[in-house]
Amino acid sequence: PADGGLAVVDTANANQQLPLADESKLYRNPARRPDGSVVLFAREPEDERITETAAFLHDVRTSVSGIEVVQASETSVDLTGLRWAPGGRLMVTLQGGVLVLVDPISAQGFPLPLTDVAAYAWGAVRLPSVPGLPLTDSVQFLADDGSGAAQVWSLPSDGGEAQPITAHPETITAFDLTPDGETVAYVSAGGLWLLTPDSDEPALLYEGESLGAPSFNGDGSALAFEAAGGVVLIALDGDGTPQPLLDDYSAPRFATASGGLLVRIADGDLGFYALETGEVRRLGTFRLAKPLADGRILAVGAVTADQPTGLYIIDLNAPEPTLFYAPPAGLVITDFTPLDTGPVRVLLTRADGLPAPLRVFDVSLGGGAVTIPVVPYLEGARISRDGGTLAGYASGAGNLAVYSVVLSAESIPPIPARIEGVTFPPFR
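Residues numbered from 1 in each chain as written. Predicted model: local features only at pLDDT ≥ 70, side-chain atom pairs only at ≥ 80, totals over all residues. Heavy atoms only, no water.

Engineer: In this structure, what is going on with the nonpolar core? I would like to understand it.
Structural biologist: The nonpolar side chains of soluble globular proteins are, as a tendency, buried together. Ranked by internal contacts, the top residues of the largest apolar core, which has 17 residues, are Val139, Phe141, Leu155, Leu400, Val402, Ile419 and Val422. No other element matches the 3 residues that strand E12 (residues 139-144) contributes to this core. If we ignore the near neighbours within four places in the chain, the residues touching Ile419 are Phe141, Leu142, Ala143, Tyr393, Gly398 and Leu400. Leu298, Phe324, Leu348 and Phe361 belong to the second-largest nonpolar core, a separate cluster that totals 15 residues. (Core = buried A, V, L, I, M, F, W, Y, C linked by side-chain atoms within 4.5 Å. Buried < 20%, exposed > 50% of the residue type's maximum accessible area, 1.4 Å probe, protein only. Helix = DSSP H or I, 4+ residues; strand = E, 2+ residues; numbered from the N terminus. Contact = heavy atoms within 4.5 Å.)

Set out below in structure tokens:
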């Protein structure tokens, strides 16, 4: 209360107030620490030893006689502009464009080496990292193995350590694995390479300009990729002769059950290339798409720029895609996966790109959305095929972070920083 005293409000019982301290002191700036304890500042209204904006740190303690509010410091702290940092151990203020950490016990300030700061805010607090966390799917990414060249790495689902699965002398820029995870195709230094489990050395499949986006089909017998502004196909169970498919298209991705490839048209729209007829069908302004086992396609975006943005079902036998789910205002879908139980699990973040807790929903056609409790914050989050594992970056430095939806736990593996291309084995 503004005129003194301290109370707990029971919001589940008509906001009933339970007094913790009398009105002889003014209490301000409470903070709850991770262990459940509470700290705050207090001062006597007529205390002339300190300024009107200063107070002393107090603890809220539980004893045999009940709850007590006990002074924890003999040094007053000027609370002007001070805010608690996450954890309730330090306070922060902005002074002349400089961020300053303040010890609430000694009142000492520690300027940070930052100048011209106009505003600041705290992001979500990370969960404790659990070593050896078992996952529901393996995670692949690019990272330096210590040689100065980026290699393909894999973090196994059994909780083991991440290991590089390639040892190429030049940096790898793009890759894909066969559905069984045993064979990897990758792009490096103008070449497309294939590394199989029965060979110690990779085989050069193709040389050319602007190579990228390798994609295996459902049984690993064919490989599509970008080359010189077009799409090329190699039948790995044949003589290995490259077959040009399309000019001025990019980002091929097999949709095996649909009988073709998802591709990017030159203007950025998503298209579908039918392998049997050689025809391309324009699907819409979709930025992310995944094929389903029944031949349909799930995609994020819109059919045209003037239509609602959301998650659409694309039936290649129907004239138009169907809107499946539209995210709430201010949020965008960053990834999704269809669950075996029927709903689609979607990951949402703020549309303005500012740091914010990750939101995860299970959505059903006509059945609304169910919130799934998940890790508070994960940059560039991706979701596994079964929806049980999330992977992304723990920070802007590119540290890998993985989260088990099943166990509600997070792990930051001790692997090289500044990784790239975090992904799970894809739908095909």
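Engineer: Whenever I open this one, the packing of aromatic side chains confuses me. Can you help?
Structural biologist: Aromatic rings in a pair are described by how distant their centres are and how their planes are angled relative to each other. Under the counting rule described, the total for this entry stands at 4 aromatic pairs. Lying over the aromatic face of Phe336, Lys290 brings its terminal NZ or CZ to 5.1 Å of the ring centre. (Phe/Tyr/Trp six-rings, centres within 6.5 Å; stacked < 30°, edge-to-face > 60°. Lys NZ or Arg CZ within 6 Å of the ring centre and 35° of its normal.)

Engineer: For this particular structure, what's the right way to read unusual backbone geometry?
Structural biologist: Negative phi characterises most residues that are not glycine, and trans characterises most peptide bonds. At Asn15, a residue that is not glycine, the phi angle is positive and equals roughly 60°. Among the structural elements, Asn15 can be located in the loop between strand E1 (6-10) and strand E2 (16-21). With a phi angle near 55°, Asn29 is a residue other than glycine that sits in the positive phi range. Here Asn29 lies in strand E3 (residues 26-32).

Engineer: Hey, could you run me through the pairing of strand E31 (residues 344-350) in this one?
Structural biologist: Both faces of the sheet carry side chains from a regular strand, because those side chains alternate between them. A large share of E31 lies buried, amounting to 5 of its 7 residues. Remark: 5 residues form the turn of the hairpin made by strand E30 (residues 331-338) and E31, two consecutive strands paired antiparallel; Gly342 in that turn has positive phi of roughly 125°. Bridge count for E31 against strand E32 (residues 359-364) is 5 bridges, and the pairing is antiparallel. Considered in E32, the bridge of Leu348 is made with Arg359. (Pairing = 2+ DSSP bridges.)

Engineer: Please clarify how the pairing of strand E20 (residues 222-227) should be interpreted in this entry.
Structural biologist: The buried fraction of E20 is high, at 5 of 6 residues. Note that strand E19 (residues 212-216) and E20 share 3 bridges and pair antiparallel. Each bridged residue has a counterpart across the sheet, and for Ser215 the counterpart in E20 is Ala224. In this antiparallel pair of consecutive strands, E19 and E20, the connection spans 5 residues, and Gly220 shows a positive phi of 75°. By the bridge criterion, 6 bridges tie E20 to strand E21 (residues 230-235) in an arrangement that is antiparallel. The residue bridging Ala227 from the neighbouring strand is Gly230, located in E21. Between E20 and E21, which pair antiparallel in sequence order, lie 2 residues; one of them, Ala228, sits at a positive phi of approximately 50°.

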